[in-house]
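Here is how the chains run, residue by residue.
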Amino acid sequence: NAQILQTPNGRSIGYVTVKDMISQVGTPLANAFATFRANNVQELVLDLRYNGGGLVSMAGTVASHAAGSHGIDDNGMGRLFARLFYNDKRSGNNQDFTFTQNNWAGFSTVYVLAGPRTCSASEQVINGLRGVGVNVVAIGDTTCGKPVGFLPQGDSCGTTYSVVNFESVNARNEGRYFDGFQAT
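Each value, and the rule that gives it
- Residues numbered from 1 in each chain as written.
- Predicted model: local features only at pLDDT ≥ 70, side-chain atom pairs only at ≥ 80, totals over all residues.
- Heavy atoms only, no water.
- Helix = DSSP H or I, 4+ residues; strand = E, 2+ residues; numbered from the N terminus.
- Buried < 20%, exposed > 50% of the residue type's maximum accessible area, 1.4 Å probe, protein only.
- Contact = heavy atoms within 4.5 Å.
- Phe/Tyr/Trp six-rings, centres within 6.5 Å; stacked < 30°, edge-to-face > 60°.
- Lys NZ or Arg CZ within 6 Å of the ring centre and 35° of its normal.
- Core = buried A, V, L, I, M, F, W, Y, C linked by side-chain atoms within 4.5 Å.
- Axes fitted to C-alpha atoms, helices over the stretch in contact; angles between N-to-C directions.
- Parallel < 35°, antiparallel > 145°, perpendicular 65-115°, else oblique.
- Disulfide = S-S within 2.5 Å.
- Pairing = 2+ DSSP bridges.

Draft legend 1. Here's a closer look at the environment of valine 148. Tracing the sequence through the fold places valine 148 in strand 8 (residues 148-149). Classification of valine 148 by relative accessible area gives buried; the value is 16%. Along the sequence, valine 148 and valine 163 sit 15 residues apart, while their C-alpha atoms lie 10.0 Å from each other. Setting aside its immediate chain neighbours within four residues, valine 148 contacts Ser120, Val164, Phe166, Glu167 and Phe178.

What follows is the structure, encoded as structure tokens:
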């Protein structure tokens, strides 16, 4: 869900809802932000109130669209969006996700509608944007507080186990937001 709204003083606000961090979001999200760019949208409201999470890679895509050039370093490379840390026995699985270049300035401030059902990968969007200096204004209620993730594993009996495998931090090594992000 995406639309452009006009304030009484003539500013354009892009509003987009992202309910799930799944791969099917990619094309509609790219189309929404292309429309925002084409219409010189000046403000962004990102509605993550009912987003329970999903793929870290899709959270990085959402954040990349919002951040634009803020997520790119002076050499044209994507800055760190999220680093996944596994325990010391699995540190070889540690993984970095970076912002992607999308050739536009992005927003220096992003207004995020959040609540107790804003979890996991949607919280990574908030944390990742803050890690590269984007001012994230959280509106609503405290998020659920899940800076960790899992890789589901099945057994030979048809049971799937989802135990915590990793924790996530941003470019400033900030994480551990187990109490969630409070509204600002």
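Draft legend 2. Inspection of the packing of aromatic side chains at higher detail. Overall, the coordinates contain six aromatic pairs when judged by the stated rule. Relative to phenylalanine 99, the ring of phenylalanine 81 has its centre 5.5 Å away and its plane inclined at 85 degrees; by these criteria the two rings are edge-to-face. Residue phenylalanine 81 is found in strand 4 (residues 80-86), and its partner phenylalanine 99 is found in the loop between strand 5 (95-98) and strand 6 (109-114); the two are separated by 18 residues along the sequence. Aromatic pair tyrosine 86 and phenylalanine 166: ring centres 5.4 Å apart, planes at 50 degrees, arrangement tilted. One end of the pair, tyrosine 86, is in strand 4; the other, phenylalanine 166, is in strand 11 (residues 166-169), with 80 residues separating them in the sequence. A relative accessible area of 8% places phenylalanine 166 in the buried class. Among the aromatic side chains, those forming a connected cluster through ring pairs are Phe33, Phe36, Trp104 and Phe107. Above the plane of the ring of tryptophan 104 lies arginine 37, whose end atom (NZ or CZ) is 5.4 Å from the centre.

Draft legend 3. Inspection of the nonpolar core at higher detail. Met21, Leu46, Val110, Val125 and Leu129 are the most contacted members of the largest nonpolar core, which totals 39 residues. For this core, the secondary structure elements donating two or more residues are helix 1 (26-38), strand 3 (43-47), helix 2 (56-67), strand 4, strand 6 and helix 3 (121-131). For this core, the leading source of residues is helix 2, giving seven residues. Excluding anything up to four places from it in sequence, methionine 21 contacts Leu48, Asn51, Gly53, Gly54, Leu55, Met58, Ala59, Val62, Ala121, Ser122 and Val125.

Draft legend 4. Just the packing of helix 1 against helix 2, in detail. Remark: helix 1 packs on helix 2, axes separated minimally by 10 Å, with the N-to-C direction vectors making an angle of 5 degrees. By the criterion of interaxial angle, the relationship of helix 1 to helix 2 is roughly parallel. Across from Gly26, Leu29, Ala30 and Phe33 in helix 1, the residues of helix 2 making contact are Met58, Thr61, Val62, His65 and Ala66.

Draft legend 5. Just the state of the cysteines, in detail. Inspection of the entire model under this criterion finds one disulfide. Disulfide pairing places cysteine 119 opposite cysteine 144 at an S-S distance of 2.2 Å. Separated by 25 residues along the polypeptide, cysteine 119 in the loop between strand 6 and helix 3 and cysteine 144 in the loop between strand 7 (135-140) and strand 8 bring together distant segments of the chain. Judged by its relative accessible area of 28%, cysteine 144 falls in the partly exposed class.

Draft legend 6. Region of interest: the sheet that holds strand 1 (residues 2-6). One open sheet holds the five strands; their spatial order is 1-2-3-6-7, and the pairing between them is mixed. Either end of the sheet is taken by a strand with one partner, and the two such strands are strand 1 and strand 7. Adjacent strand axes in the sheet meet at a mean angle of 25 degrees, parallel and antiparallel pairs treated alike. Taken together, the four bridges between strand 3 and strand 6 define a ladder with parallel strand orientation. Paired with leucine 46 across the two strands is valine 112, which belongs to strand 6.

Draft legend 7. Fine view of unusual backbone geometry. Even without glycine at this site, asparagine 40 takes up a positive phi of about 50 degrees. Residue placement: asparagine 40 occurs in the loop between helix 1 and strand 3. Among the residues examined, asparagine 40 registers a relative accessible area of 58% and is labelled exposed. Positive phi, close to 55 degrees, is recorded for serine 120, a residue that is not glycine. Within the secondary structure, serine 120 is located in the loop between strand 6 and helix 3.

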